[in-house]
Amino acid sequence: MNTSPSNRKANAFHAQAKNALNDATLKQALRSATDTFAERRSAAIAAVPDWEALREQARLVKDATVARLDHYIEQFADNAEQAGATVHWARDGKEACAIVQKIAEDNGATRLVKSKSMATEEIHLNKALAERALEPVETDLGEWIIQLAGETPSHIIVPAIHMTRDQVGELFVDKLGIPPSNDPKTLCAHARERLRSHFAQADLGISGVNFGVAETGSILILENEGNVRMTTTMPKVHVAVMGIERVIPRFKDLEVFLRLLPRSGTGQHLTTYQSILTGTDSAQDSANGQGPEQVHIVLLDNGRSKIAVDEKMRETLACIRCGACLNACPVYQTVGGHAYGTVYPGPIGAILTPQLAGMHEAKPLPFASSLCGACKDVCPVKIDIPSLLLELRQRAVEGTDHEPATKRSFFESMSWRMWSWFMRGPKRFRFASAMARLGQSMPLVHRLVPPMAAWHSTRELPRLAKRSFRNTYKGPSK
Ligand code: SF4
């Protein structure tokens, strides 16, 4: 039996996907949420006459930035430091976690609050901090819900998308001891009451970053709940973890991305809050008792610089993590995020995870797609996800530096050899076509004989024309 890590991952993925397929409540929750987001997105973009031009422009900015990523990230770091922030460089997740741990320990911080951040999920920061008895309280409502449930996010912008409000109500009864309710307002009020006290006592706040502006050293964080603003301004120390691909060259580039991201993600014209933070302003803010005394920005590489020099795959770094491709993907809509078994689910996860974590961690994911192209159609930065999936499939089969080539089964090898042999001579080709026509007139053969039976259980094989093109071209048969 093959027990390699990639094979174990493949087995786990198939088992998780199967479980998800049998979960009717999950399907209902996913369908309702993804349909709502898709409808809102369509309405929001319909009101923007130059939507396609905006997408083009965003992509041009991203391509130009990724082509000179080292330049822009250094410019960002210099300007952030000049504004009073301390910039840390982390080659991988382990280094990034160690940096955050040290900042907390140097400041004697014990009460940590955190806002939603996929970069911190990617490096498993909460787990690393918990090892030092420093568990941050998640303050985004969705993140807080899944922290209470002991789960991981199943969507990159809606972490608890897999839960219905009945399930959230039951969780609150169980964990908070509140009277039963499934009313969103009531549940939010309980969450707000609990979280306020954490903000008031916190001595360190952790956030992610949506965009880092190279020319000013500013970071921009978008949100709807106000928790980011409190996380980044109430504690004396703010630590922002930023993937290096989040840098954009100029402040005016934000005009483009701010029009694209909220509309694509949640269907909003703009998120309720946009926090632009530029270093520390001790002269003004501290005098008013506002803002943190220390701002630390942890610049996370974790495989991104490798992607930046990979000509075929570098467009992955254009992603602005809007989540639209997840909402549009029929696979994600059916099995949800947890089935992927990785931090980043859906189409973006299927291209990002094999590159960040290695093919051995995510070999089945590039294959978990029908290549329908819905993800490409909705992507605000026009990432050609289907082409990247095909490239990764090829790499998965041919092997990479760290992952051996996939061994074909005897049946698959034989099938391809026979196919090749039949294709290499006109008489053989005609014979094979005649046999295929005969086979399709006996449906029971391919519906009952393995492995065709498994394939046919969910699909219909396209039918061959009754007469071949060659025979039709010759004219009517006599
Ligand atoms: S790949 Fe495109 S659609 Fe998907 S999250 Fe990234 S920017 Fe959004």
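Let me sum up the structure you'll find in this document. (Residues numbered from 1 in each chain as written. Predicted model: local features only at pLDDT ≥ 70, side-chain atom pairs only at ≥ 80, totals over all residues.)

1. So, the sheet that holds strand β8 (residues 247-248)
Then, in step 1: The sheet built from four strands is open, its strands ordered β8-β5-β6-β9 with mixed pairing. The strands lining the two open edges of the sheet, one partner per strand, are β8 and β9 (273-277).
Then, in step 2: Two strands pair when backbone bridges link them, and strand β5 (residues 211-213) and strand β6 (residues 218-223) are joined in this way by three bridges, in the antiparallel orientation. Looking at β6, one finds that valine 213 is bridged to serine 218. (Pairing = 2+ DSSP bridges. Helix = DSSP H or I, 4+ residues; strand = E, 2+ residues; numbered from the N terminus.)

2. Remarks on helix α2 (residues 24-46)
Then, in step 1: With 23 residues, α2 ought to run about 33 Å at 1.5 Å a step, and its terminal C-alpha atoms sit 33 Å apart, in line with that.
Then, in step 2: Buried residues of α2: Leu26, Ala29, Leu30, Ala33, Thr34, Phe37, Arg41, Ala44 and Ile45, and no others. (Expected span 1.5 Å × (residues − 1). Buried ≥ 20, exposed ≤ 12 C-beta atoms within 10 Å, placed from the backbone.)

3. Some points on the packing of helix α9 (residues 165-176) against helix α10 (residues 184-201)
Then, in step 1: Between α9 and α10, whose axes approach to 11 Å, the crossing angle comes to 35°. Classified by chirality, the crossing of α10 by α9 is left-handed. Of α10, the residues touching α9 (which contributes Arg165, Val168, Gly169, Phe172 and Leu176) are Pro184, Leu187 and His190.
Then, in step 2: Looking at the contact of α9 with α10, its residues break down into five nonpolar, two polar and one charged. (Axes fitted to C-alpha atoms, helices over the stretch in contact; angles between N-to-C directions. Left-handed = near helix turned anticlockwise from the far one by under 90°. Contact = placed C-beta atoms within 7 Å. Nonpolar A, V, L, I, M, F, W, Y, C, P; charged D, E, K, R; others polar.)

4. Structural notes on the packing of helix α8 (residues 141-149) against α9
A packed helix pair is summarised by two numbers, namely the angle formed by the two axes and the spacing between the axes.
Then, in step 1: Between α8 and α9, the shortest axis-to-axis distance is 10 Å and the interhelical angle comes to 60°. Considered as vectors, α8 and α9 are oriented oblique to each other. Classified by chirality, the crossing of α9 by α8 is left-handed. Along its contact with α8, which presents Ile145, Leu148 and Ala149, the element α9 presents Val168, Leu171 and Lys175.
Then, in step 2: Looking at side-chain class alone, the contact of α8 with α9 contains five nonpolar, no polar and one charged residues. (Parallel < 35°, antiparallel > 145°, perpendicular 65-115°, else oblique.)

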